[in-house]
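# Overview (structure and organization)
Residues per chain are reported as follows:
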Amino acid sequence: MEQKITGAEAFWRSLLEEQVKVVFGYPGGQIMPVYDHYWNYQAQIRHVLVRHEQGAIHAAQGYARASGIPGMVLVTSGPGATNVVTGVADAMIDSTPVVVVAGQVPCQLLGKDAFQEIDLIGMATPITKWSYQIRRAEDVAWAVSRAFYIARTGRPGPVVLDFTKDAQAGLVDYAPKPCHFIRSYVPDPQVSESQLDEAARMIDEARKPFVVYGQGILLSGAEKELAAFLEKGAIPAGSTLLGLGALDSGNPHLKGMLGMHGNLAPNVMTQHCDLLVAVGMRFDDRVTGKLDTYARQARIIHIDIDPSEIGKLVPVDLGIVGDARKVLAGLTERIAPRTTREWQMEPILCDAVEKHKVIEPEIQPGTGEINPGEVVACVAEAVKGEALIVTDVGQNQMLAARYSRFVRPHSFISSGGLGTMGFGLPAAIGAKIAAPERTVVVFLGDGGLQMTFQEMGTIMQEGTDVKIVLLNNNWLGNVRMWQQLFFQERYSCTRMLNPEFTGIAQAYGIPSLHVETREELPSAIRQMFAQEGPFLLDVHVREESMVFPMIPPGSSVDEIMLNNEDWFNYGD
């Protein structure tokens with residue numbers, strides 16, 4: 001009979017059963033038994049020591065988004081646990097599979113305000129798919145297996161395990177306890193054949209169908225099915241922010257990104273189609289604008305694996321609960337083949353395409369200070385759509401989404417629903433670890449970079465080859481833009497006095513360049529990609545830069561600002 005082992009060692013054996021290759025973590029008092037047993041598993045599981053627990057959860061998110069494999073986080077109790085909560089909430093909204101294991105005080109001290117005790121389960125339950133406190137060593141294998149099963153199946157998301165100190169120290173006759181089924185949990189619902197038939201009929205009858213798709217395409221691996229569906233039906237499509245990369249940027253059916261800072265054409269099509277087919281997206285307010293005017297002229301089909309999303313925000317004529325890949329494959333079999341959809345040549349849509357061209361000079365070399373969009377466009381030209389693009393949150397995010405190009409899936413990683421500044425740098429670290437063969441470029445603003453700048457230490461220690469492009473304008477740029485447009489230019493608390501970022505990068509052993517003129521930019525970008533290992537490109541851009549077009553918050557998708565003064569109104 002095998003000798004009994006501790007719950008802490010059972011934890012590492014359970015991770016091996018789940019084929020975990022990488023753990024992002026930070027040790028501390030209440031998780032010490034687990035870290036002590038890691039000594040014997042270093043050859044089998046890589047541990048990445050971050051510099052802050054928020055860096056661990058964002059790195060795990062980047063890892064999961066780049067690989068499709070749940071990211072693994074290991075932290076201590078109290079502040080270690082609370083420091084990951086922002087990332088857990090971010091993962092929940094963006095459907096990112098991560099498993100967080102946090103140490104906890106011994107059971108006899110629970111509820112006694114012991115040193116570094118926090119009610120993690122109470123905090124995490126509203127922002128996770130499942131949260132569980134492990135109080136016995138006998139439950140370790142069961143809990144870990146269940147956690148990974150829940151995190152990666154159905155609509156993916158975060159799971160939190162609260163690992164008490166006595167469960168770590170307790171002894172158990174270890175045996176794997178794989179989880180393949182949970183009663184009442186249906187991660188892969190059966191698709192209704194009659195609903196597929198009805199949806200196909202609606203698509204065939206529509207004169208002006210339009211598809212809006214989101215990250216659900218990437219999560220289900222439905223990229224080929226989406227392309228085949230659009231091709232057979234000759235249907236135009238628009239992508240949400242997190243859906244970028246699901247289609248090649250050159251796909252003739254893709255009309256661009258939807259939403260607040262999206263392209264004009266897909267927003268116009270939303271308001272002029274007669275059938276809207278939404279796949280793997282949740283009708284976020286940054287896509288819909290004012291809900292009571294959103295696509296009111298159209299019949300709506302909503303396809304999502306999460307039944308709670310159907311009809312939650314937008315009333316639908318037909319809701320199909322199911323995996324996007326299976327649903328799209330079923331629809332493609334049923335719809336009639338077409339070669340064209342004439343409605344795309346309607347004057348209003350052609351006008352939208354022409355009007356959008358007034359925005360494009362933002363990415364073209366001009367005179368004066370460098371435009372931030374110009375930097376993104378130059379990088380896009382250098383990588384030819386092959387790079388994995390990560391962003392922080394703000395103007396850098398919207399510009400990277402607008403002007404990057406993608407030729408393969410899982411090439412765009414950003415914080416969508418929660419909009420977490422500080423996400424970019426650690427997420428890029430996780431993405432590069434998940435996909436070491438890919439070029440990883442992260443676009444950041446000077447505000448977001450300084451929220452998790454300490455992860456430069458992780459890059460230094462791990463040797464992570466991340467190309468960091470800083471769009472440096474000495475402001476909290478997106479907030480400053482809103483203050484200019486909507487708050488009578490009262491620039492309250494948004495001006496930033498910044499350090500010399502290249503000097504800080506040098507202290508971490510990271511090569512860098514400081515760029516201030518347009519003439520320097522092309523050669524600096526070439527040098528960045530020619531350099532092996534990490535690199536920081538600090539580009540000083542026009543301080544009062546804006547991101548247009550823009551649908552103001554609370555406005556209808558019909559009302560789009562082209563610049564500070566001009567609007568494109570196309571409502572009926």
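Since the model is a prediction, treat every value here as computed from it, not as a measurement.

### A look at the packing of helix α11 (residues 223–233) against helix α14 (residues 324–334)
One can describe the packing of α11 onto α14 by two numbers: an axis separation of 9 Å at closest approach and a directional angle of 25°. Considering the angle they form, α11 stands roughly parallel to α14. Crossing hand, α11 versus α14: left-handed. In this structure, α11 uses E225, L226, A228, F229 and K232 to contact α14, whose residues at the interface are R325, L328, A329, L331, T332 and E333. Residues of the contact of α11 with α14, tallied by class, amount to 6 nonpolar, 1 polar and 4 charged.

### Focus on the nonpolar core
Side chains of a nonpolar character, in soluble globular proteins, are inclined to be buried together. Counting 49 residues, the largest nonpolar core has F24, V73, V390 and I468 as the members making the most contacts within it. Among the domains, domain 1 (5–172) and domain 3 (370–540) are the pair contributing at least three residues each to this core. The residues contacting V73, other than those within four sequence positions of it, are F24, A56, I57, A60, V84, V99, V100 and V101. Formed by 39 residues, the second largest nonpolar core is a distinct cluster that contains M481, L485, M528 and M546.

### Section: the layout of surface pockets
Rolled over the atoms, a probe as big as a water molecule pinpoints where empty space is left. One number sums up the size of the second largest pocket: a volume of about 470 Å³. Around the second largest pocket, the lining comprises 23 residues; the ones closest to its centre are K255, G256, N263, R402 and R405. Broken down by secondary-structure element, the contributors of at least two residues to the lining of the second largest pocket are β11 (254–257), α12 (264–272), α15 (347–356) and α17 (395–403). Ranked by residue count, the leading element in the lining of the second largest pocket is β11, at 4 residues. Of the residues assigned to the lining of the second largest pocket, the class counts are 11 nonpolar, 7 polar and 5 charged. Looking at which domains feed residues into the lining of the second largest pocket, each of domain 2 (193–346) and domain 3 (370–540) supplies at least three.

### Regarding α11
Among the residues making up α11, those that are buried are E223, L226, F229, L230 and G233. Angular distribution of buried residues about the axis of α11 spans 130°; they occupy a single face of the element. Elements in contact with the buried residues of α11: α9 (193–205), β9 (209–213), α10 (216–220), β10 (237–239) and α14. Two residues or fewer after α11 comes A234, characterised by a positive phi angle close to 50°.

### Examining the pattern of salt bridges
Tallied over the entire structure, the rule returns 21 salt bridges. Two residues, R136 and D139, come together in a salt bridge whose shortest N-O distance is 2.9 Å. Each of the salt bridges in this network shares a partner with another, and the network as a whole consists of R155, D306, E309 and K312.

### Some words on the side chain of T391
Here T391 shows up in strand β15 (residues 388–391). Looking at T391, its side chain comes within polar contact range of the side chain of S414, at 2.6 Å. Beyond its immediate chain neighbours, meaning those up to four positions away, T391 contacts N396, Q397, A400, F412, I413, S414, F423, G424, V442 and F443.

### Remarks on the packing of aromatic side chains
Enumeration according to the criterion identifies 14 aromatic pairs in this entry. Arranged with centres 5.8 Å apart and planes meeting at 70°, the rings of F406 and F412 form a pair that is edge-to-face. Considered together, F406 and F412 belong to a single accessibility category, that of buried residues. Ring centres of W482 and F486 lie 5.8 Å apart, and the angle between their planes is 90°; this geometry places the pair in the edge-to-face category. Of this pair, W482 and F486 both sit in helix α21 (residues 477–486), 4 residues apart, which is roughly one turn of the helix. Grouping aromatic residues by their ring pairs yields a cluster made of F11, W12, Y38, Y41 and F163. Positioned over the ring face of W130 is R146, at 5.0 Å from the centre of the ring.

### Things to note about the sheet that holds strand β19 (residues 512–515)
With parallel pairing, the 6 strands of this open sheet are ordered in space as β16-β15-β17-β18-β20-β19. Two strands lie at the open edges of the sheet, namely β16 (412–413) and β19, each paired on one side alone. Direction of pairing for β15 relative to strand β17 (residues 440–445): parallel, over a ladder of 4 bridges. Following the sheet pairing, L388 is matched in β17 by V440. Running at roughly 175° to β17, helix α18 (residues 424–434) makes contact with β15, β16, β17 and β18 (466–472) of the sheet.

### As for the pairing of strand β12 (residues 275–279)
In terms of burial, β12 is a largely internal element, 5 of the 5 residues being buried. By the alternation rule, side chains of β12 split into L275, V277 and V279 and L276 and A278, which are all buried. Inspection of the sheet shows β9 paired to β12 by 5 bridges, in the parallel sense. From the neighbouring strand, P209 faces β12, where its bridge partner is L275. With 5 bridges joining them, β12 and strand β13 (residues 299–304) adopt parallel strand pairing. Residue pairing in the sheet places V277 in a bridge with I301 of β13.

### Focus: the domain arrangement of the chain
Each domain of the chain was delimited in the assignment, giving domain 1 (5–172), domain 2 (193–346) and domain 3 (370–540). Put simply, the middle of domain 2 and the middle of domain 3, counted by C-alpha atoms, are 31 Å apart. With 16 residues of domain 2 in contact, the opposing surface of domain 3 contributes 17 residues. Summed over both partners, the interface of domain 2 with domain 3 buries about 1400 Å², with 66% contributed by carbon and sulfur atoms. Area buried by domain 2 at its contact with domain 3 is led by L241, L244 and H261, which between them contribute 36% of it. Across the contact surface, domain 2 and domain 3 share 0 salt bridges.

### Remarks on a negative patch on the surface
On the surface, E500, E516, E519 and E520 cluster together into a patch of negative charge. Turning to its location among the elements, E520 is positioned in the loop between β19 and α23 (521–530).

### Describing empty space enclosed by the protein
A complete count under the given rule lists 4 cavities of 30 Å³ or more for this structure. For the second largest cavity, the calculated volume is near 40 Å³. For the second largest cavity, the full set of lining residues is Q19, V20, K21, V22, Y63, I69, P70 and F148. A class-by-class count of the residues in the lining of the second largest cavity yields 6 nonpolar, 1 polar and 1 charged.

Cut-offs and rules
Residues numbered from 1 in each chain as written. Predicted model: local features only at pLDDT ≥ 70, side-chain atom pairs only at ≥ 80, totals over all residues. Heavy atoms only, no water. Axes fitted to C-alpha atoms, helices over the stretch in contact; angles between N-to-C directions. Helix = DSSP H or I, 4+ residues; strand = E, 2+ residues; numbered from the N terminus. Parallel < 35°, antiparallel > 145°, perpendicular 65-115°, else oblique. Left-handed = near helix turned anticlockwise from the far one by under 90°. Contact = heavy atoms within 4.5 Å. Nonpolar A, V, L, I, M, F, W, Y, C, P; charged D, E, K, R; others polar. Core = buried A, V, L, I, M, F, W, Y, C linked by side-chain atoms within 4.5 Å. Buried < 20%, exposed > 50% of the residue type's maximum accessible area, 1.4 Å probe, protein only. Domains from an automatic or database assignment. 1 Å grid on protein atoms, 1.4 Å probe; cavity = no way out; pocket = protein on both sides within 12 Å on 5 of 7 lines; lining within 4 Å. Points joined across faces, edges and corners; volume = space filled by probe spheres on them. Arc of directions from axis to C-beta. Salt bridge = Lys/Arg side-chain N within 4 Å of Asp/Glu carboxyl O. Polar contact = N/O pair within 3.5 Å; in protein donor to acceptor, adjacent residues only side chain to side chain. Phe/Tyr/Trp six-rings, centres within 6.5 Å; stacked < 30°, edge-to-face > 60°. Lys NZ or Arg CZ within 6 Å of the ring centre and 35° of its normal. Pairing = 2+ DSSP bridges. Buried area = accessible area lost by both parts, 1.4 Å probe. Patch = residues over 30% accessible without salt bridge, like charges linked within 9 Å, V, L, I, M, F, W, Y side chains within 5 Å. Areas by Shrake-Rupley, 256 points an atom, 1.4 Å probe, with all protein chains shown as cover. Lys, Arg positive; Asp, Glu negative; His and termini not counted. Charge placed at Lys NZ, Arg CZ, Asp CG, Glu CD.

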